[in-house]
Amino acid sequence: MKTELKKQLSKISDFENPRISLEQYRTPPALAADLLHTAYMQGDIEGLKVADLGAGTGMLSLGAALLGAEVVAVEKEDDAVRILEENAKDLGLEVEIVQEDIEEFNQDADTVLMNPPFSQHSDIGLKFWEKALEHGDTVYGISPRGLRERIKDFVGNSSHEVLAVEEFSISLPPSYGFHTEESHETEIDLIITRRTDNGT
Ligand code: SAH
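Bear in mind the structure is a predicted one, so any value in this text is a computation, not a measurement.

**Details of the sheet that holds strand S5 (residues 136–144)**
Pairing in this open sheet of 7 strands is mixed, and the strands run S3-S2-S1-S4-S5-S7-S6 from one edge to the other. What marks the edges here is a single partner per strand, and that holds for strand S3 (96–98) and strand S6 (160–171). For this sheet, the mean angle separating the axes of adjacent strands, direction not counted, is 20°. In this structure, strand S1 (residues 49–53) lies alongside strand S2 (residues 70–74), joined through 5 bridges in parallel fashion. Among the inter-strand pairings, Leu 53 is bridged to a residue of S2, identified as Val 74. In this fold helix H3 (residues 59–66) packs onto S1, S2 and strand S4 (109–114), with an angle of close to 175° to the strand it touches most, S2. Sitting on the sheet, helix H6 (residues 148–156) touches S5, S6 and strand S7 (185–195), and the angle it makes with S6 is about 160°.

Set out below in C-alpha cells:
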C-alpha cells in the first residue's frame, strides 16, 4: 500500500518558483507516504475530516484524500493554490481549498497534518502548532530536529500530549535553513500529538 501511495504522490507537481520567505518546499513523496501511512494505520485518516495547514501544492492534502479523508487545505499563496488545484484535477480528487493565512483558520478537524515553515528568525512554526493544537484532535507535524524540545514544551502546555516522535532524514535545497552548506541532509521529526480527555 505504501509503495502504491508513494507512486501516486510522486505525480504531485512541485512549486514552480518557490518563495523562500514562505519556506515553500514540497514534502518528499517517500516521507509524505510514511506520514500518511502511519496516520492511516492509526485510524486518523479514512472517513475523517483532515486539515492540512500550509498545504502548498497539496502533497499531504491529496495524499489524505487518496486515503479516504474529507480534506480542507489551507494555503495563503496564489501560485501554490493554483498548482494544488491542478494537482487535484490531475489525480481526480476533490479537496476544499481555503485560501487564507493560517492565523485566520477557524475550522475544527479530526486530524491536522502539516509540514509548516520553520524559520530560525521567527516563531511562524509555533504559530502553526498553536492553530493545529487548538483545532485538531490529533496532529501529525513535521519539524526540524533542533526544535523538538521547544515543540514538546509547547505541546505540554496545551490540551494535547505527545504520542510519538519519529525520526527521518531528508534532502533540502541549499537555500533552506537548519543544515550546513556541505550537506543538504536534514534531520527532521514527525511529531504526533493527541488531545487528552482530562481537559477542563
Ligand atoms: N504542505 C506542503 C507544503 C509545505 S511548504 C507539502 O507538504 O508539500 C509550507 C507551505 O506553507 C507553503 O506552501 C507556504 O506558502 C505556506 N505558508 C507559509 N506561511 C503561511 C501562512 N502564514 N498561512 C498559510 N500558509 C502559509
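Following the structure, the description resumes.
**Description of the layout of surface pockets**
A probe as big as a water molecule, rolled over the atoms, marks out the empty space that is left. Considering only enclosed or pocket space, the largest pocket measures out at about 450 Å³ in volume. In terms of lining, the largest pocket is formed by 29 residues, of which the most central are Leu 22, Gly 54, Glu 75, Pro 117 and Phe 128. Elements that contribute at least two residues to the lining of the largest pocket include exactly H3 and helix H5 (124–135). Split into classes, the residues belonging to the lining of the largest pocket amount to 12 nonpolar, 10 polar and 7 charged.

**Comments concerning the pairing of S7**
Here 7 bridges tie S5 to S7, and the two strands are oriented antiparallel to one another. Note on S7: the bridge partner recorded for Thr 138 is Arg 194. As defined by bridge partners, S6 adjoins S7 across 11 bridges and the pair is classed as antiparallel. Bridge pairing in S7 places Val 165 opposite Ile 191.

**As for the nonpolar core**
The biggest cluster of nonpolar side chains holds 35 residues, and the ones touching the most others in it are Leu 9, Leu 35, Leu 36, Ile 45, Leu 62, Ala 64 and Leu 113. Those elements that provide at least two residues to this core are helix H1 (2–9), helix H2 (29–41), H3, S2, helix H4 (78–91), S5, S6 and S7. When residues of this core are assigned to their parent elements, the largest contribution, 6 residues, is made by H2. Filtering out sequence-adjacent residues up to four positions away, Leu 36 remains in contact with Leu 5, Leu 9, Ile 45, Met 59, Leu 60, Gly 63, Ala 64, Leu 67 and Leu 113. Counting 21 residues, the second-largest nonpolar core is a separate cluster that includes Leu 53, Val 98, Phe 128 and Ile 191.

**A word on the site of the ligand**
Around the ligand, the surrounding shell holds 21 residues, and the nearest of these are Gln 24, Thr 27, Gly 54, Glu 75 and Ile 102. Residue Thr 27 places a side-chain N or O atom 2.5 Å away from an oxygen atom belonging to the ligand. Judged by the fraction of its atoms near the pocket grid, the ligand is located in the largest pocket.

**A word on H1**
Owing to its 3.6 residues per turn, the α-helix aligns residues three or four sequence positions apart on the same side. Here H1 has its buried residues at Leu 5, Gln 8 and Leu 9. The buried residues of H1 occupy an angular sector of 95° when projected down its axis, which confines them to one face. More than 90 degrees from the buried face of H1, the exposed residues found are Thr 3 and Lys 7. Turning to H1, the residues buried within the fold contact H2, H3 and H4.

Basis of the calculations
- Residues numbered from 1 in each chain as written.
- Predicted model: local features only at pLDDT ≥ 70, side-chain atom pairs only at ≥ 80, totals over all residues.
- Heavy atoms only, no water.
- Pairing = 2+ DSSP bridges.
- Helix = DSSP H or I, 4+ residues; strand = E, 2+ residues; numbered from the N terminus.
- Axes fitted to C-alpha atoms, helices over the stretch in contact; angles between N-to-C directions.
- Contact = heavy atoms within 4.5 Å.
- 1 Å grid on protein atoms, 1.4 Å probe; cavity = no way out; pocket = protein on both sides within 12 Å on 5 of 7 lines; lining within 4 Å.
- Points joined across faces, edges and corners; volume = space filled by probe spheres on them.
- Nonpolar A, V, L, I, M, F, W, Y, C, P; charged D, E, K, R; others polar.
- Core = buried A, V, L, I, M, F, W, Y, C linked by side-chain atoms within 4.5 Å.
- Buried < 20%, exposed > 50% of the residue type's maximum accessible area, 1.4 Å probe, protein only.
- Near = heavy atom within 4 Å.
- Polar contact = N/O pair within 3.5 Å; in protein donor to acceptor, adjacent residues only side chain to side chain.
- Sits in = over half its atoms within 2 Å of the grid points.
- Arc of directions from axis to C-beta.

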